[in-house]
Amino acid sequence: MSNISVNFKNSNIDSKEIMVYSEEVEKIHAMIDKKANSKAELLGWLNWPSKYAKREFEKIKKCAKRIQENSDVLVVIGIGGSYLGTRAVIEALTNSFYNLQSKEDRKFPQILYVGNNLNPTYIKDMIELIQDKDISINVISKSGTTTEPAIAFRIFRNLLEDKYGIKEAQKRIYVTTDKEKGALRQLADEEDYETFVIPNNIGGRYSVLTPVGLLPIAVAGIDIDKIMEGARFAQEKYADSSLKYNDCYKYAVARNILYKQEKNIEILATYNPKMHYFIEWWKQLFGESEGKELKGIFPAGVEFTTDLHSLGQYIQEGKRCMFETVLYIEKEEEDIKINFEDDSLDGLNYLADKNLSYINKKAMQGTINAHVKGGVPNIVIKMEKLDEDSIGHLIYFFEKACAMSALLLGVNPFNQPGVEKYKSNMFRLLEKPGF
């Protein structure tokens, strides 16, 4: 089982400062543990890795195989937590150019995403790309009335019905929604679409390990059993209420200590481009959970070494309002050795016979040292390797750390009242009835 460790040595926080929070952490731990199985609380994710619905899990694998057999493309329709976690896992665990590979090399359907914006050119370009291919759709929405995915579903449902006819289109539409209520549930029942349930006590940004994420992840050929094993391992590992033994809670506490030192921006850094959408998922998780009541750490992300040539200057010498958390993957699945050249016009012969992973690691170490010296506290989260169980573990680590961090801050991690403000204004401008 791949393990994850957290290193605070460059955080400017000592263990005594962290342990001051022990009693408060234990109280919060007891409170969320007590409410974990309540249908009225959005804490269903807490025990989900060990208590997920096994029958539906098997249905996910069965439907994924059907999509793999009859489709060139799976179109995932969703926004926010209904697609970010999915995309994060798929892009982390497949070939960096998965959707550009030939069908023979890829082996599984392309996974494309729509319903996450309102741009007509994006949608038209996607239709043009897939119109001559066999298509299935997975629409994900608890209500079915969220504007962006609802519009996309109307467009792509019509596309499928025009392409295949209503009966065949019905077999290619998979709906992930509320168990009993909502516009999408009603439509799915009327049209007899294959459906999967979004648990009522799990909010969108905590839902990647539910059918919300697992169906498209399985379609991409990723082993969802191993993902859940990794999450279950994390559930057991971080069930300890003692701050002394719980790295997940230590990370949450460290964030709060740094926040009180006016370090109110956290930069999550990766040295692997495959983690780009994992950072996007993390940004939503922490941004929607903590950003309330004029409180919260602003979550930002960088991809190094790329962004060392853009944002690196600001991080090194800009306003000292930030700290950095580095996702360090110890073992790369592939490597390249630098060769020796007689003329060495590029001056790289000093790197001859060294692996690119080694050079990347030294770039990381040099960057951490520079940023710490420049006044940017640094936390390192180390993963042994990037695979299914480590991703399941990391997802659970951040979910639980986020809940603890927000509760230490004194805000509700599970609502997002501010998101509704733009919707109300947009509906009024669009002259929607009732607004």
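Just above sits the structure.
Residues numbered from 1 in each chain as written. Predicted model: local features only at pLDDT ≥ 70, side-chain atom pairs only at ≥ 80, totals over all residues. Heavy atoms only, no water.

### Things to note about the overall build of the protein chain
Here is step 1 of the chain: Within the protein chain, the regular secondary structure consists of 18 helices and ten strands.
Here is step 2 of the chain: Over its C-alpha trace the protein chain gives a radius of gyration of 23 Å, about what one expects of a compact globule, namely 22 Å for 435 residues.
Here is step 3 of the chain: Taken along the three principal axes of its C-alpha coordinates, the protein chain extends 65 × 65 × 45 Å.
Here is step 4 of the chain: Buried positions account for 52% of the 435 residues belonging to the protein chain. (Helix = DSSP H or I, 4+ residues; strand = E, 2+ residues; numbered from the N terminus. Rg over C-alpha atoms; globule rule 2.2 N^0.38 Å. Buried < 20%, exposed > 50% of the residue type's maximum accessible area, 1.4 Å probe, protein only.)

### Describing the sheet that holds strand β1 (residues 4-7)
Here is step 1 of the chain: Spatially, the five strands line up as an open sheet ordered β1-β10-β9-β7-β8, and their pairing is mixed. Edge positions in the sheet fall to β1 and β8 (298-303), since each of these pairs with one other strand and no more. Neighbouring strand axes in the sheet, compared pairwise and without regard to direction, differ in orientation by 20° on average.
Here is step 2 of the chain: Relative to the sheet, helix α16 (residues 356-373) contacts β9 (322-331) and β10 (378-385), its axis offset from that of β9 by approximately 160°. (Pairing = 2+ DSSP bridges. Axes fitted to C-alpha atoms, helices over the stretch in contact; angles between N-to-C directions. Contact = heavy atoms within 4.5 Å.)

### Considerations on a nonpolar patch on the surface
Here is step 1 of the chain: Judged by side-chain polarity, Leu118, Ile151 and Ile155 come together as a nonpolar surface patch covering roughly 220 Å² of accessible area.
Here is step 2 of the chain: Secondary-structure assignment places Ile151 in helix α8 (residues 147-164). (Patch = residues over 30% accessible without salt bridge, like charges linked within 9 Å, V, L, I, M, F, W, Y side chains within 5 Å. Areas by Shrake-Rupley, 256 points an atom, 1.4 Å probe, with all protein chains shown as cover. Salt bridge = Lys/Arg side-chain N within 4 Å of Asp/Glu carboxyl O.)

### Things to note about the packing of helix α5 (residues 84-93) against helix α17 (residues 388-409)
Here is step 1 of the chain: Running from N to C, α5 and α17 cross one another at 150°; their axes reach a closest spacing of 11 Å. Classed by the angle they form, the pair α5 and α17 counts as roughly antiparallel. Considering only the axes of α5 and α17, their crossing is right-handed. Residues Val89, Ala92 and Leu93 of α5 form the contact with α17, whose own contacting residues are Glu388, Ile391 and Ile395.
Here is step 2 of the chain: Taken together, the residues that form the contact of α5 with α17 break down as five nonpolar, no polar and one charged. (Parallel < 35°, antiparallel > 145°, perpendicular 65-115°, else oblique. Left-handed = near helix turned anticlockwise from the far one by under 90°. Nonpolar A, V, L, I, M, F, W, Y, C, P; charged D, E, K, R; others polar.)

### Thoughts on the packing of helix α4 (residues 54-70) against helix α11 (residues 211-219)
Here is step 1 of the chain: Where α4 meets α11, the closest approach of the two axes is 8 Å, and the angle between their N-to-C directions is 40°. Here α4 and α11 pass one another in a crossing that is right-handed. Here α4 contributes Glu56, Phe57, Ile60, Cys63, Ala64, Ile67 and Gln68 to the contact with α11, which in turn contributes Pro211, Leu214, Leu215, Ala218 and Val219.
Here is step 2 of the chain: Tallied by class, residues from the contact of α4 with α11 come to ten nonpolar, one polar and one charged.

### Thoughts on the nonpolar core
Here is step 1 of the chain: Counting 92 residues, the largest nonpolar core has Tyr251, Phe278, Trp281 and Phe398 as the members making the most contacts within it.
Here is step 2 of the chain: For this core, the leading source of residues is α17, giving eleven residues.
Here is step 3 of the chain: Other than its neighbours up to four places away in sequence, Phe398 contacts Tyr251, Leu268, Phe278, Trp281, Trp282, Leu285, Phe286, Leu327 and Ile381. (Core = buried A, V, L, I, M, F, W, Y, C linked by side-chain atoms within 4.5 Å.)

### Focus on the side chain of Asp72
Here is step 1 of the chain: The topology assignment puts Asp72 in the loop between α4 and β2 (73-77).
Here is step 2 of the chain: Setting aside its immediate chain neighbours within four residues, Asp72 contacts Lys103, Arg106, Pro109, Gln110, Lys133 and Asp134.

### Considerations on the side chain of Gln110
Here is step 1 of the chain: You can see Gln110 is positioned in strand β3 (residues 110-114).
Here is step 2 of the chain: Beyond its immediate chain neighbours, meaning those up to four positions away, Gln110 contacts Asp72, Val73, Leu74, Tyr98, Asn99 and Lys133.

### Considerations on the environment of Ala403
Here is step 1 of the chain: If you trace the backbone, Ala403 turns up in helix α17.
Here is step 2 of the chain: For Ala403, a relative accessible area of 0% gives the class buried.
Here is step 3 of the chain: Taking C-alpha positions, Ala403 is 9.6 Å from Tyr249, a pair spaced 154 residues apart along the chain.
Here is step 4 of the chain: Residue contacts for Ala403: discarding those within four places in its chain leaves Trp45, Tyr206, Pro413 and Phe414.

Just geometry here; none of it tells us what the structure is for.
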